[in-house]
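Architecture and fold: a report
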Amino acid sequence: MDEQVKRAFRYRFYPTEAQAAELSRTFGCVRKVYNLALQARAEAWTQRGERIGYDATSAFLTAWKRTEELAFLREVSAVPLQQTLRHLQAAFTNFFAKRAGHPRFKSLKKSRASAEYTRSAFRWRDGMLTLAKMAEPLDIRWSRPLPKGAAPSTVTVSRDPAGRWFVCLLCEDAGVTSLPATNAVVGIDLGLDHLLVLSTGEKISNPRHERRDRTVLTKAQRALYRKQKGSSNRDKARIKVARVHARIADRRMDHLHKISTRLVRENQTLVIEDLAVSNMLKHHRLARTISDAGWRQFRQLLEYKAGWYGREVITVNRWFPSSKLCSVCGAQAAKMPLHMRTWTCGCGTTHDRDVNAARNILAAGLAATVCGADVRPQRNTPGGLSVMKQKPCDASRGTPPR
């Protein structure tokens, strides 16, 4: 069955000098308006205890344009400036709902250079995209076609630290078809020696993209460090470092896309652990390797693709002792140090640590689905699972009670 979903299609483009100058001015104005609005909202709360929203900041923007100091805001399209105020409002909404931290000011060096245009600020005709304040269409490299008959509702233009220009077109795609249902289920254990270990016994290797280019990256970073600050040679060296990082990120994302697409196509239900990646990155000896693995990116890809194609992704609580439990008898080992890759249970079964963990994750996820409960172990309970959980369902075995 076809379902109409919103999809973003990202392409690289090559602007003319005039277009690049116009977009650079727009990026600067977007960043300036965001920071001014954030400061105005912060002052309204701290000084007057007043909580202002999008409408008030939009009125502020009109007043700012009339001042001599900020008259340059009138030189760019007004739509990206209004959109950045909407983004700020969404950031505060997520903050008050405790889904994100407090919005922060955008810096010139660290913030993403981007601008968002709605339909009133661009012209889409015969496959040619022309933005407001521009006379010529963008020179886009169409690496893949847009959905037949689709027209973009939103256009986002961005420039990465490596100096590459990208345009992202948000379109309604009616061609997304749910895949035929299947009985295949799989548990996924995320790791570092192997990127993924499946409950089927398959192990997907970890390419370690950052380690492969570490020598080139180190050389480029040392060359950047030696350049004088503010010089043109330092800018050139910075771009070289950014290009290495971009190549690593592109390879990682391509690999994760291929893996996630294959798993979603082959399985009806996918069970993974709900890992706290941000907390794990605080481990100074493993942070670099964990970042290179891209666990968070993999989960995001898995979830939205499963939603498109009628699959189900189940997450198991991060405290579930998947490595310590025997997937055959359900007994829990007292200790399981990281260097122990294989172990033998009291029932006589010899386990591969990662494969056994993937099988336990699968069983726990399916059991939680049947029982409608969370798999959260309690410290004071034998076996590591809560008493309430063990009564309606034996999550360690993955089967309903008899």
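Note that the coordinates shown come from a computational prediction; the quantities given were computed from them, not determined experimentally.

The next subject is the overall build of the chain. A tally of helices and strands in the chain yields 11 helices and 14 strands. C-alpha atoms of the chain, sized along the principal axes, occupy 80 × 50 × 50 Å. Residue pairs at least 24 apart in sequence account for 69% of intrachain contacts in the chain once pairs closer than 6 positions are excluded. For the chain, the computed accessible surface area is about 23,000 Å², with 51% contributed by carbon and sulfur atoms. Taking the average place of the 70 positive charges on the side chains of the chain and the average place of its 35 negative ones, the gap between the two points comes to 6 Å.

On to helix α9 (residues 295–308). With 14 residues, α9 ought to run about 20 Å at 1.5 Å a step, and its terminal C-alpha atoms sit 20 Å apart, in line with that. If you check which residues of α9 are buried, you get Trp295, Phe298, Leu301, Leu302, Lys305, Ala306 and Trp308. Along the axis of α9, the buried residues cluster in a sector spanning 150°; they form a single face. Downstream of α9 by one or two residues, glycine 310 has phi in the positive range, about 75°.

Taken in spatial order, the 5 strands line up as β10-β9-β8-β11-β12 in an open sheet, and their pairing is mixed. Strands at the two margins of the open sheet, each flanked by one partner only, are β10 (203–205) and β12 (312–316). Averaged over all pairs of adjacent strands, the angle between their axes in this sheet comes to 25°, without regard to strand direction. Here strand β9 (residues 194–198) runs beside β10; their pairing, made up of 3 bridges, is antiparallel. Paired with valine 197 across the two strands is lysine 203, which belongs to β10.

What UniProt calls "domain: Cas12f1-like TNB" (unreviewed entry) maps, in this numbering, to residues 295–361. Structurally, residues 295–361 comprises 34% helix and 16% strand, and the distance from its first C-alpha atom to its last is 16 Å.

On the surface, a cluster of positive charge is contributed by Arg12, Lys219, Lys236, Lys240 and Arg243. Assignment of secondary structure puts lysine 240 in helix α6 (residues 232–266).

Look at the UniProt record and you will see "domain: Probable transposase IS891/IS1136/IS1341" (unreviewed entry) annotated at residues 177–282. A helix fraction of 53% and a strand fraction of 19% characterise residues 177–282, whose end C-alpha atoms lie 41 Å from each other.

Taken as a whole, this structure holds 9 aromatic pairs when the rule is applied. Relative to tryptophan 64, the ring of phenylalanine 60 lies with its centre 6.1 Å away and its plane at 35°, an arrangement referred to as tilted. In this pair, phenylalanine 60 and tryptophan 64 are both assigned in helix α2 (residues 54–66), 4 residues apart and thus about one turn of the helix distant. A residue is classified by how much of its surface remains accessible, and phenylalanine 60, at 32% relative accessible area, is partly exposed. One aromatic cluster in this structure is built from Tyr11, Trp124 and Trp142. Above the ring of tyrosine 34, the side-chain terminus of lysine 106 is found at 4.5 Å from the ring centroid. Looking at arginine 265, its charged tip hangs above the ring of tyrosine 309, at a distance of 5.8 Å from the centre.

Considering only enclosed or pocket space, the largest pocket measures out at about 1,800 Å³ in volume. Lining of the largest pocket is provided by 50 residues; of these, Lys109, Lys110, Ser111, Arg112 and Ala113 occupy positions nearest its centre. Residue assignment for the lining of the largest pocket shows that the elements contributing at least two residues are β1 (2–13), α1 (17–48), α3 (78–96), β2 (113–118), β6 (154–159), β7 (165–177) and α6. Take the lining of the largest pocket: its biggest share by element is 10 residues, from α6. Among the residues forming the lining of the largest pocket, the class breakdown is 21 nonpolar, 13 polar and 16 charged.

A few words on the state of the cysteines. Two cysteines form a disulfide when their sulfur atoms are joined by a covalent bond. Following the criterion strictly, the structure yields 0 disulfides and no others. Note on cysteine 326: no disulfide assigned, nearest cysteine sulfur contributed by cysteine 329 at a separation of 3.6 Å. Cysteine cysteine 345 is unpaired, with the sulfur of cysteine 329 as its nearest cysteine sulfur at 3.5 Å. By relative accessible area, cysteine 345 is classed as buried at 9%.

The subject of this paragraph is the side chain of serine 260. In this fold, serine 260 is placed in helix α6. The exposure class assigned to serine 260 is buried, which follows from its relative accessible area of 0%. A polar contact is formed between the side chain of serine 260 and the backbone oxygen of histidine 257, at a distance of 3.1 Å. Looking at serine 260, its side chain comes within polar contact range of the side chain of lysine 305, at 2.9 Å. With near-sequence residues (within four places) excluded, serine 260 lies in contact with Phe298, Leu301, Leu302 and Lys305.

In this section: the pairing of β2. With respect to burial, β2 is a largely interior element, 5 of its 6 residues being buried. Sheet topology places β2 next to β6; 6 bridges connect them, and they run antiparallel. Paired with threonine 118 across the two strands is threonine 154, which belongs to β6.

What counts as what
- Residues numbered from 1 in each chain as written.
- Predicted model: local features only at pLDDT ≥ 70, side-chain atom pairs only at ≥ 80, totals over all residues.
- Heavy atoms only, no water.
- Helix = DSSP H or I, 4+ residues; strand = E, 2+ residues; numbered from the N terminus.
- Contact = heavy atoms within 4.5 Å.
- Areas by Shrake-Rupley, 256 points an atom, 1.4 Å probe, with all protein chains shown as cover.
- Lys, Arg positive; Asp, Glu negative; His and termini not counted.
- Charge placed at Lys NZ, Arg CZ, Asp CG, Glu CD.
- Expected span 1.5 Å × (residues − 1).
- Buried < 20%, exposed > 50% of the residue type's maximum accessible area, 1.4 Å probe, protein only.
- Arc of directions from axis to C-beta.
- Pairing = 2+ DSSP bridges.
- Axes fitted to C-alpha atoms, helices over the stretch in contact; angles between N-to-C directions.
- UniProt positions renumbered as here; feature names shortened; annotations may be inferred.
- Patch = residues over 30% accessible without salt bridge, like charges linked within 9 Å, V, L, I, M, F, W, Y side chains within 5 Å.
- Salt bridge = Lys/Arg side-chain N within 4 Å of Asp/Glu carboxyl O.
- Phe/Tyr/Trp six-rings, centres within 6.5 Å; stacked < 30°, edge-to-face > 60°.
- Lys NZ or Arg CZ within 6 Å of the ring centre and 35° of its normal.
- 1 Å grid on protein atoms, 1.4 Å probe; cavity = no way out; pocket = protein on both sides within 12 Å on 5 of 7 lines; lining within 4 Å.
- Points joined across faces, edges and corners; volume = space filled by probe spheres on them.
- Nonpolar A, V, L, I, M, F, W, Y, C, P; charged D, E, K, R; others polar.
- Disulfide = S-S within 2.5 Å.
- Polar contact = N/O pair within 3.5 Å; in protein donor to acceptor, adjacent residues only side chain to side chain.

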